[in-house]
Amino acid sequence: MPDWIFGFIILIVKLGVVLLALLLLAAYLVWVERKFLARLQIRYGPNRAGKFGLLQPIADTIKMLIKEDIVPAAADRFIFLLAPAVVATTALMMFAVVPFGSHLTLWGRQVPLVITDLNVGLLYIFALSSLGVYGVAMGGWASNSKYSLLGGIRGAAQMISYELALGLSLVPIIMLADSFSIVDIVNAQANYPFIIVQPFAFVIFMISAMAESKRIPFDMPEAENELGAGYHTEYSGIRFGLFFLGEYVHLQVLGALVAVLFLGGWRGPILPPPVWLLIKMILVALIMIWVRGTLPRLRYDQLMALGWKVLIPLSLINIMVTGAILLI
Amino acid sequence: MPKIIIDDRDIEVAPGTKVIEAAEQLGIMIPRFCYHPALGSVGACRVCAVKFLQGPFKGVQMSCMVDAQDDMVVSTTDEEAVAFRKSVIEWLMLHHPHDCPVCDAGGHCLLQDMTVSGGHGIRRYPGKKRTYHDQYLGPLIQHEMNRCIHCYRCSRFYQEFNGYRDLGAMQSANQTYFGRFEEGILESPFSGNLIDICPTGVYTDKPSRYFGRRWDYERSPSLCINCSLGCHTIASSRYRKVVRQEARLNEAINGHFICDRGRYGFSYNSLKQRPRTALFDGQTASIDEGLAVLKQRLQAIVDTDGSAAIACAGSSRNSLETLAMIKRVSQARSWQPPAYLIDDAITAKVKTAISVLDPDLAVEMREIESADFVAVLGADPLNEAPMLALALRQAQRKGATIAVFDPRPVCLPCEFTHLPADPDAIHTGFGAVINTALDAAVVDKLDAPAREFYSSLAAGEQTFTFQQTEIDTLAEKLKTCQRPVMVCGTEIVSRQTPALAADCAALLQAAGKAAGLFYVMPGTNAFAAGLLTDENVSVETLITAIEQGSVKALILVECNPLWQFPDRQRIEQALQKLELLAVTDYVNSEVVPKANIFLPTTTLYESGGIYINQEGRVQVVEPAYRGGIPIAETGNGDHPPRIYDSQIPGVEPQAAWQILAQLIDIGQQINANDLRTDIQHWLIKSESGFNQLPGLAQIPPLGTRFFQAPNSQKHFECQQPNGGSTDDGRLEVLVTERTFGTEELSAYSACLQELANAPCICMHSSDAQQLNLNDGDQVALELNGGVIEARLQVVENMAPAMLIIPRDGKLNWQQMETGQTRIRRDQIRKVE
Amino acid sequence: MKDAIEAVKALAIGFATTFKHLFRKPITEEYPEYKRPLPARSRARIILTRDPDGAERCVACYLCSAVCPVSCISMQSAEKEGGRRYAQWFRINFARCIYCGFCEEACPTSAIQLTPQFENCKNDILSFVYEKKDLLVDHQGKDKEYNFYKYAGVATDVGQKGEHIKEERPVNIKSNLP
């Protein structure tokens, strides 16, 4: 069997496995979130569909699939239909550069446990993350509804603002790892995870990541008590499901990034590497849910002030301090 | 002009204005019970108390009793006044029962409003409540005396304004009772106004009893089409049924009140037997199918006999749109000229009346109230146009002399001089009055035609039977009066009388008096019909044409000739001779079953329309509701059907003019509103009488009078009636209107049918003596068509040698020959 | 700096509180298994009650339909033999009802009452339209005493003029005595 055919098959298999895992995880992340949040609020959470409500995600999916797909009469139809796809696709594509193990050996061939090891992997993630803004802005604009438009504008402004802090907070990591490749960054943490040397970067990244994924307390774009449901007010059925999916995949990607950049990625004792990554991802997700269950939503000006006046200066200082230490 | 300050706002009012009225002009509603603009003030209820802060006197006073004067400063919100009013309300509520939930006035009750707004809630008085027994007051009014607050509005209205004595106050002090001495039907045909005027629920509407609340009604300004006056009403509809009609204030026509015929004459609109589907040859069909069949059969007749074999007839209850459309279609299809009125004489009289109704002479009905001499020529106000009788009473209350020249036993709710002249003698009788009243010196200064007319008045033969002294007394009154008004009928009078009335008014005006002229016409839209109709065209001529075979197809548009035409046998034979009889109507009249093709139309309440009343006032009525079969009917007395349907059942009927428009090429494409405008343009363009018709949008809510070009040069052409009153021993027959029972539409109202006494034939006592008949005898008139049987009423106050038969549907009176005016004495016999 | 410490402290307390909640037993009452007994005045399904004599209380005064913010009540009033005013038909569209209880508050005869019975979910929307026979019950509801016609003063089969509570005998109008 020629190498390229093997490579192709392996790629397809990897893509399939990752995609399936991501989607399944996204679905069950919803369940985890609802369950965990419920316990934080002294409730049970979903417990009707299956034991412990385990079939709830499936029930939700079926519901969304068979619900009527409504396109408002005054909507810009093409963009309206495109927007959720943009959000979901960009979120899914981000995972391409996240390593979930070192490598496997199959039939004498080495198979890296990452879909593709880009040497500019981190930049690729930022690029896709920026593209995700388009989905939100397009959805908000095309719905031709004031709530959607306001949500879209807020989303775009918020995501662009926090991307800066997100990017800047990672500069020290790149400086430490000497590479943009995520595989390299994981390898650089062979001895200790970066969270130990970069706690500030970790905090800034976590906050920015929550803002980037538009989660409470940064859910200004969908602020339901002001805007209905923000940029996806007019969406229904599976198109709404795509926005939903995008959001949870985004959550996973960010969880994975935290794991990979700060927590040593797939590294860990006893258990196989992908399981470690999964555990770390879920841990990050749980922290995010805990934050959600504790903090109220920020006001819009507070949100912007936090981003521009606190996080960006802090990360700049962090860069300078790290640079100074590295030089010394 | 006194200037007064009320609640820190100043206003200048006419002298004699009460403070309560001045406040109303400012938009401040001072509470009131006994005060009513039409009845004036008595200061009985004490609830309009306000505080006078500065001016001629100070302190709490009744605002309805104080004339506004200069330097007055009034506060309606002063603590003392508010406390006063609050305690007054509390006293009034001491004995008021706890029955608002079952009271029909609840929701539009003045007492309820005042109690709530005054802040009275809990009854503090621990004593028992006073109660009264209620009385049966007839089919129109429900009596519930417990609710009375003794404001006296009802007895003041009934006795003073209205002029009837059978309802009033009894007992005294805390036990005062308003009612009749004995239970029974109220005599006044204006009794329905008690419902409007009572500030609480003592008198409530009986036919719509327990039907609903005012807030649920779709209330819409409407018009009464039960006589030619065109009084303004408010139609209340609910659940696709018109349930109540109330008076609507109109300062030009009816003021605050309407008569019972108008108030209850709407039942035809929601009757169960109202036809709502098209029919041809007994088969039900849609309107479009019916129209297609009609077009096809009309075409067949055009093909065989030519288009002149088709004729169309309307009636004076058509809206102006329908009247115009009938003519437009007839002209466009070159049919016979359309007939609107029942016979040639009526057509001629109405046309004359319209042509001489000079804008300088014509008066509004409310202006009659300020006249000081009213001559009623050949009109029976109470029976032909009831509200006119009320206007005459107001004139009389202010001191006017009312003189009635009419052969019928006219009855008015006021003092008046009745000169029972037969139709021809009206001329000479009134001529004599005028002749005596005007000094030769005054007449000499007039123009030649006026002088000639004056001298012709005296020339008439003295055929009347009344006393010269009466003439002289009236002449004396006429001589000194300033604002005489001639009220003239058009129904029983001779052809010359309408012109006589106009000429007399013109003569009096020339002689320096502010004379007025007022006609009563047969039917709501008779004015418009008279303008549109050709001379010598009437239903009668159409029947002649059918008999001669020149007309083969007849279309009756909301017209029922069987109701009015005196010779039923002839008309039925004529209708049978037709090849095609098409009827469009909204009531199930007698001609509907005879029709080959029937198309249902909508009523005034469903489509609105333009109506021109007898003084030439154009009034636009908007639809009151959307139409459809009443829910009570679809639900069969129980709840409405449990089905989903986007279509209202029974909205298929269209306005008659919409149906007619489809017989010519317009109509299919344009909507109802555009069609209305189109009809109006056509009228202005093609009908000379209508070239001054104002546009729909320009017609104000009160209506506007439109006249033909002033016709003052047409005056003084009136001729003497051409005698013919030779006494051959026969009795002259007059077929006349009654307040209830003879008008076609109101005859569909069950409650009015109950009021309409058993129809009776009237005869002068001298004739009765001669025939050996007594009052109350059952008599039979043997006529060519058959026998009319009725009770005989022997009266003194009518012209002798005359027989008066009411045009009552129950009487089956249409047994005469066309044009028959006399019957032999041996045709009358007593039935044992 | 002090503010920052305060803020961190406040955040920490918040996070600790929610974290502690993780280990508490949820307070949720699980509905179909456990049905909480509702207070008598809870507002759910509407009924039309009868007065202590067993006659219909509703006099079809239209106050409930007037006050209803969603216009879900419709009726037709009429007169019964014996002079009572009653509802010929009475219809509540529960698909539209928001159970605000205004109708009960407006009712002058205690006829219309809301009950705690809230489990009336159905698939067919037309079956939410309740007619009078579905609404009328055979008891007095929460108000056991009130009988409107004993106070109202109108003559019905419940009592003629002057026979109701706190009423004097009717005035003799043909007497001259004050």
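The structure presented is a predicted model; accordingly, all values stated were derived computationally and were not measured.

The rules behind these values
- Residues numbered from 1 in each chain as written.
- Chains lettered and ligands numbered in written order.
- Predicted model: local features only at pLDDT ≥ 70, side-chain atom pairs only at ≥ 80, totals over all residues.
- Heavy atoms only, no water.
- Contact = heavy atoms within 4.5 Å.
- Buried area = accessible area lost by both parts, 1.4 Å probe.
- Salt bridge = Lys/Arg side-chain N within 4 Å of Asp/Glu carboxyl O.
- Polar contact = N/O pair within 3.5 Å; in protein donor to acceptor, adjacent residues only side chain to side chain.
- Helix = DSSP H or I, 4+ residues; strand = E, 2+ residues; numbered from the N terminus.
- Nonpolar A, V, L, I, M, F, W, Y, C, P; charged D, E, K, R; others polar.
- Pairing = 2+ DSSP bridges.
- Buried < 20%, exposed > 50% of the residue type's maximum accessible area, 1.4 Å probe, protein only.
- Right-handed = clockwise from strand over helix to strand, strands pointing away.
- Phe/Tyr/Trp six-rings, centres within 6.5 Å; stacked < 30°, edge-to-face > 60°.
- Lys NZ or Arg CZ within 6 Å of the ring centre and 35° of its normal.

K.L.:
It is not clear to me how the interface of chain C and chain B should be interpreted in this structure. Could you clarify?
P.N.:
When the parts of a complex come together, some accessible area is lost, and that lost area is often used as the size of the interface. In this assembly, 44 residues from chain C lie in contact with 43 residues from chain B. The largest share of the area that chain C buries against chain B comes from C:Lys161, C:Val171 and C:Ile173, three residues that together contribute 18% of it. At the junction of chain C with chain B, the criterion picks out six salt bridges. The interface formed by chain C and chain B holds 29 residue pairs in polar contact (both at pLDDT 80 or more) in total. Among the elements of the structure, helix H2 (63-67), strand E2 (73-79), strand E3 (85-93) and strand E6 (167-170) of chain C are those that each provide at least two residues to the side of chain C that touches chain B. Among the residues making up the side of chain C that touches chain B, the classes are represented as 23 nonpolar, eleven polar and ten charged. Here two bridges tie strand E6 (residues 129-131) of chain B to E6(C), and the two strands are oriented parallel to one another. Residue pairing for E6(C): B:Thr131 is matched across the bridge by C:Pro170.

K.L.:
Would you take a moment to explain the pairing of strand E20 (residues 484-488) of chain B for this structure?
P.N.:
As a general feature of sheets, a regular strand has side chains that alternate between the two faces. Residue and element names in this part refer to chain B. Most of E20 is tucked away, with five of its five residues classed as buried. On E20, burial covers both faces: Pro484, Met486 and Cys488 on one face and Val485 and Val487 on the other are all buried. Strand direction decides the pairing type here: strand E17 (residues 373-377) and E20, joined by five bridges, are parallel. When the bridges of E20 are listed, Ala375 appears paired with Met486. Here E20 runs beside strand E21 (residues 516-519); their pairing, made up of four bridges, is parallel. Bridging from a neighbouring strand, Met486 pairs with Leu517 of E21. In this view, the connection linking E20 to its parallel neighbour E21 by way of helix H17 (residues 497-510) has right-handed handedness.

K.L.:
So what exactly am I meant to see when it comes to the packing of aromatic side chains here?
P.N.:
For any pair of aromatic rings, geometry is given as the distance between the ring centres together with the angle between the planes. Tallied over the entire structure, the rule returns 28 aromatic pairs over all chains. Note on A:Tyr235 and A:Phe243: the rings are 4.8 Å apart at their centroids and 75° apart in plane angle, and the pair reads as edge-to-face. No difference in accessibility class separates A:Tyr235 from A:Phe243, as the two residues are buried. Seen in terms of ring centroids, B:Tyr158 and B:Tyr164 are 6.2 Å apart; in terms of plane orientation they differ by 55°. Their pairing is tilted. Accessibility classification places B:Tyr158 together with B:Tyr164 in one group, the buried group. Ring-pair connections join several aromatic residues into one group, and the members of that group are A:Trp290, C:Phe15, C:Phe19 and C:Phe23. Between A:Lys146 and the ring centre of A:Tyr147, over which it is positioned, the NZ or CZ distance is 5.4 Å. When the ring centre of C:Phe128 is taken as origin, the NZ or CZ atom of C:Lys122, which lies over that ring, is 5.5 Å away.

From the geometry alone we can't say anything about function, so treat these as descriptive.
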